[in-house]
Amino acid sequence: MVLLGPPGAGKGTQSKRIMERYGIPQISTGDLLREHVSRGTELGVVAKSIMARGELVSDDLVCNMVRQRLMQPDCKRGYILDGFPRTAAQAGWLDALLEDELFDNSCPTKAWPIVIRLVVDYNQLLLRITGRRSCPTCGRIYNVHFQPPRFDEVCDEAHGTKLVARNDDRLEVIQPRLTAFEEQTRPVAEYYRQTGRLRSVNGDQPVDEVTAEIIKIIEDHQA
Ligand code: AP5
């Protein structure tokens, strides 16, 4: 499954829920890149300043990283791509990869990923991004406006851990991220629309309602 949507649309929030329900991994290119940055790998060193400016990391680097992740055994039963593909070139690359490397040729029916786009109002996106906090210990995501912790800025689960804001959730980086989405990622939705694979979900709804719509699309697809 591919989950598309602008920054703050709820891709990470929904991916985690789908992952738990179906027991398939969430592959977030943003999380993978942040991991490279924190480990200081060669890719992380290149990606760090690009991400801090709110721009996209080059297609070559990201596709290579995704290829390695998709080859892991836990992806055999399926996976959720969160934040990938993000350019038309990445979408074409993914289709070619699925065609060439991942489909078992003895399987009579090829299963293209379901592509779900979360559609969210611009002002709501700003509130979600500026209000986002996460726990550096357990990874749980909060929002000071919509899903606040019980005690101000402290994780409910990892007791005493102070919540942090993401480096690229600063106001001056949000606009370049939204611009990158408009200019480079909108064509991806169009690519999937033209191939009849795109489904849209109103991501402005409460989290549970968005999840319910996504599950319905998955179950209809399986049926
Ligand atoms: P990435 O980490 O993918 O960030 P993003 O796409 O900007 O998305 P976000 O993580 O900001 O938002 P989300 O949609 O996951 O929302 P979330 O669930 O957290 O990418 C970061 C950077 O990495 C990019 O800028 C780029 O540089 C690089 N990169 C990544 N992938 C790349 C690629 N393929 N190619 C090139 N470069 C790449 O929710 C947000 C907030 O809203 C949370 O606080 C949450 O609690 C709240 N919330 C969620 N749903 C709801 C709801 N329904 N109602 C109320 N609040 C909600």
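Quick look at the structure, then. Remember, it's a predicted structure, so these values are computed and weren't measured experimentally.

1. As for the pattern of salt bridges
- All told, the structure shown has 17 salt bridges when counted by the stated rule.
- With a shortest N-O distance of 2.8 Å, Arg177 and Asp169 are connected by a salt bridge.
- Look at Arg177 and you get buried, because its relative accessible area is 10%.
- By relative accessible area, which is 9% here, Asp169 ends up buried.
- The residue Glu182 makes a salt bridge to Arg186 at a minimum N-O spacing of 2.7 Å. Here Arg186 and Glu182 lie together in helix H7 (residues 171-194), a separation of four residues that amounts to about one turn.

2. Some remarks on the sheet that holds strand E2 (residues 26-28)
- Strand order in the open sheet formed by five strands is E2-E3-E1-E4-E7, with parallel pairing between adjacent strands. Every interior strand has two partners, whereas the edge strands, E2 and strand E7 (198-202), have only one. For this sheet, the mean inter-axis angle between neighbouring strands, taken without regard to orientation, is 25°.
- The pairing of strand E4 (residues 115-119) with E7 spans five bridges and is classified as parallel. The partner of Val119 across the bridge, within E7, is Asn202.
- Across the sheet, helix H1 (residues 11-22) touches strand E1 (2-4), E2, strand E3 (80-82) and E4, and the angle it forms with E3 is around 165°.
- Packed onto the sheet, helix H2 (residues 29-39) meets E2 and E3 and runs at close to 65° relative to E2.

3. Considerations on the nonpolar core
- By size, the foremost hydrophobic cluster in this structure holds 29 residues, and its most contacted members are Leu4, Leu33, Leu70, Leu81, Phe84, Leu94 and Tyr192.
- Listing elements by their share of this core, those giving two or more residues are E1, H2, helix H3 (42-52), helix H4 (59-70), helix H5 (88-102) and H7.
- Residues within four places of Phe84 in sequence aside, it is in contact with Val2, Thr29, Val62, Cys63, Val66, Gln90, Trp93 and Leu94.
- Within the second largest apolar cluster, 21 residues are counted, among which are Met1, Ile114, Leu125 and Ile214.

4. Some remarks on the site of the ligand
- Within the structure, the ligand sits among 35 residues, and Thr13, Glu55, Arg86, Arg132 and Gln147 are positioned closest to it.
- Within the side chain of Thr13, one N or O atom sits 2.6 Å away from an oxygen atom of the ligand.
- Protein chains shield 97% of the accessible area of the ligand, which is 1,000 Å² for the free molecule.
- Elements with a minimum of two residues in the shell around the ligand: H1, H2 and strand E6 (141-143).
- The leading source of residues in the shell around the ligand is H2, at four residues.
- Counted by class, the shell around the ligand contains 14 nonpolar, twelve polar and nine charged residues.

5. Side note on empty space enclosed by the protein
- Applying the stated criterion across every chain, the model contains one cavity of 30 Å³ or more.
- In terms of lining, the largest cavity is formed by Leu4, Gly5, Arg117, Phe181, Thr185, Arg186 and Ala189.
- It is H7 that contributes the most residues to the lining of the largest cavity, four residues altogether.

6. Describing the packing of aromatic side chains
- The final tally for this structure, using the stated rule, is two aromatic pairs.
- Between the aromatic rings of Phe84 and Trp93, the centroid separation amounts to 5.9 Å while the plane-to-plane angle is 90°, which identifies the pairing as edge-to-face. Across the pair, exposure class does not vary: Phe84 and Trp93 are buried alike.
- With a centroid separation of 5.3 Å and 70° between ring planes, the pair formed by Tyr191 and Tyr192 is classed as edge-to-face.
- Residue classification places Tyr191 among the partly exposed positions, given a relative accessible area of 28%.
- Overall, the relative accessible area of 1% leaves Tyr192 in the buried class.
- A cation over an aromatic ring shows up here: Arg197 above the ring of Trp112, its NZ or CZ 4.8 Å from the ring centre.

Basis of the calculations
- Residues numbered from 1 in each chain as written.
- Predicted model: local features only at pLDDT ≥ 70, side-chain atom pairs only at ≥ 80, totals over all residues.
- Heavy atoms only, no water.
- Salt bridge = Lys/Arg side-chain N within 4 Å of Asp/Glu carboxyl O.
- Buried < 20%, exposed > 50% of the residue type's maximum accessible area, 1.4 Å probe, protein only.
- Helix = DSSP H or I, 4+ residues; strand = E, 2+ residues; numbered from the N terminus.
- Pairing = 2+ DSSP bridges.
- Axes fitted to C-alpha atoms, helices over the stretch in contact; angles between N-to-C directions.
- Contact = heavy atoms within 4.5 Å.
- Core = buried A, V, L, I, M, F, W, Y, C linked by side-chain atoms within 4.5 Å.
- Near = heavy atom within 4 Å.
- Polar contact = N/O pair within 3.5 Å; in protein donor to acceptor, adjacent residues only side chain to side chain.
- Areas by Shrake-Rupley, 256 points an atom, 1.4 Å probe, with all protein chains shown as cover.
- Nonpolar A, V, L, I, M, F, W, Y, C, P; charged D, E, K, R; others polar.
- 1 Å grid on protein atoms, 1.4 Å probe; cavity = no way out; pocket = protein on both sides within 12 Å on 5 of 7 lines; lining within 4 Å.
- Points joined across faces, edges and corners; volume = space filled by probe spheres on them.
- Phe/Tyr/Trp six-rings, centres within 6.5 Å; stacked < 30°, edge-to-face > 60°.
- Lys NZ or Arg CZ within 6 Å of the ring centre and 35° of its normal.

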